[in-house]
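# Inside the fold
Residues per chain, in single letters:
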Amino acid sequence: MIEIMKEHYGEQTPYILVDNVTPMMNSLPFQRGFLGNKKLKKILKNHELNDSVQYIMNIAFTTPQQLEIGEVIEWSMKDLNLEVIVLSHERAFVKGTYVWIVVAGIKE
């Protein structure tokens, strides 16, 4: 399961925009069933778009973003445009530096 969440867009990341900002990292989407965090599951379950989300992805930024839990924002890569639901937005210490991690549900 953890291996699935480690896969990311790699060289395609510079073409990604999340709320008009390019992230430093973006995981490939993984099935909602792999979401183990009970807090995030509850946020999604209580969201009006709960039934529209089957995939989740992790997104990392070098600076904090103005995102609210439950907010629906735009995610795009080249010609692909999606709406995603912000499930968490937290600071993490990774390899000697702080990054801001966003867990987002993909609206289908």
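One can find the structure itself at the top, above this paragraph.
Residues numbered from 1 in each chain as written. Predicted model: local features only at pLDDT ≥ 70, side-chain atom pairs only at ≥ 80, totals over all residues. Heavy atoms only, no water.

This part is about the pairing of strand β5 (residues 72–77). Relative to β5, strand β1 (residues 16–18) is paired through three bridges, and the arrangement is antiparallel. Paired with I16 across the bridge in β5 is M77. In this structure, β5 lies alongside strand β6 (residues 80–94), joined through six bridges in antiparallel fashion. Paired with I73 across the two strands is V84, which belongs to β6. (Pairing = 2+ DSSP bridges. Helix = DSSP H or I, 4+ residues; strand = E, 2+ residues; numbered from the N terminus.)

Turning to the nonpolar core, a few remarks are in order. Judged by nonpolar contacts, the single largest core of 15 residues is most densely connected at V18, I59, W75, V84 and V102. At the level of elements, β1, β4 (53–61), β5, β6 and β7 (97–107) are the ones that each hand at least two residues to this core. Of all hydrophobic cores here, the second largest spans 10 residues; its members include L35, L40, I85 and L87. (Core = buried A, V, L, I, M, F, W, Y, C linked by side-chain atoms within 4.5 Å. Buried < 20%, exposed > 50% of the residue type's maximum accessible area, 1.4 Å probe, protein only.)

So, about the layout of surface pockets. Gaps left between atoms show up when a probe the size of a water molecule is rolled over them. Space inside the second largest pocket adds up to approximately 180 Å³. Lining the second largest pocket, in full, are M24, M25, A60, V94, K95, T97, V99 and I101. The element that contributes the greatest number of residues to the lining of the second largest pocket is β7, accounting for three residues. (1 Å grid on protein atoms, 1.4 Å probe; cavity = no way out; pocket = protein on both sides within 12 Å on 5 of 7 lines; lining within 4 Å. Points joined across faces, edges and corners; volume = space filled by probe spheres on them.)

Once that is clear, we can look at the packing of aromatic side chains. For the structure shown, the criterion picks out two aromatic pairs. Note on Y9 and W75: the rings are 5.8 Å apart at their centroids and 40 degrees apart in plane angle, and the pair reads as tilted. Pair noted here: Y9 is in the loop between α1 (2–6) and β1 and W75 is in strand β5, with a separation of 66 residues, a long-range link. Grouping residues by exposure puts Y9 and W75 together as buried. Across from the ring centre of Y15, 4.4 Å away, lies the NZ or CZ of K78, which sits over that ring. Over the ring of Y98 we find R91; its NZ or CZ atom is 4.0 Å from the centre of that ring. (Phe/Tyr/Trp six-rings, centres within 6.5 Å; stacked < 30°, edge-to-face > 60°. Lys NZ or Arg CZ within 6 Å of the ring centre and 35° of its normal.)

Okay, the pattern of salt bridges next. Overall, the coordinates contain one salt bridge when judged by the stated rule. Across the pair K107 and E83 runs a salt bridge, and its minimum N-O distance is 2.9 Å. On the criterion of sequence distance, the pair formed by K107 in strand β7 and E83 in strand β6 is long-range, its members being 24 residues apart. Looking at K107, the relative accessible area reads 29%, which means it is partly exposed. (Salt bridge = Lys/Arg side-chain N within 4 Å of Asp/Glu carboxyl O.)

Shape descriptors only; they carry no functional weight alone.
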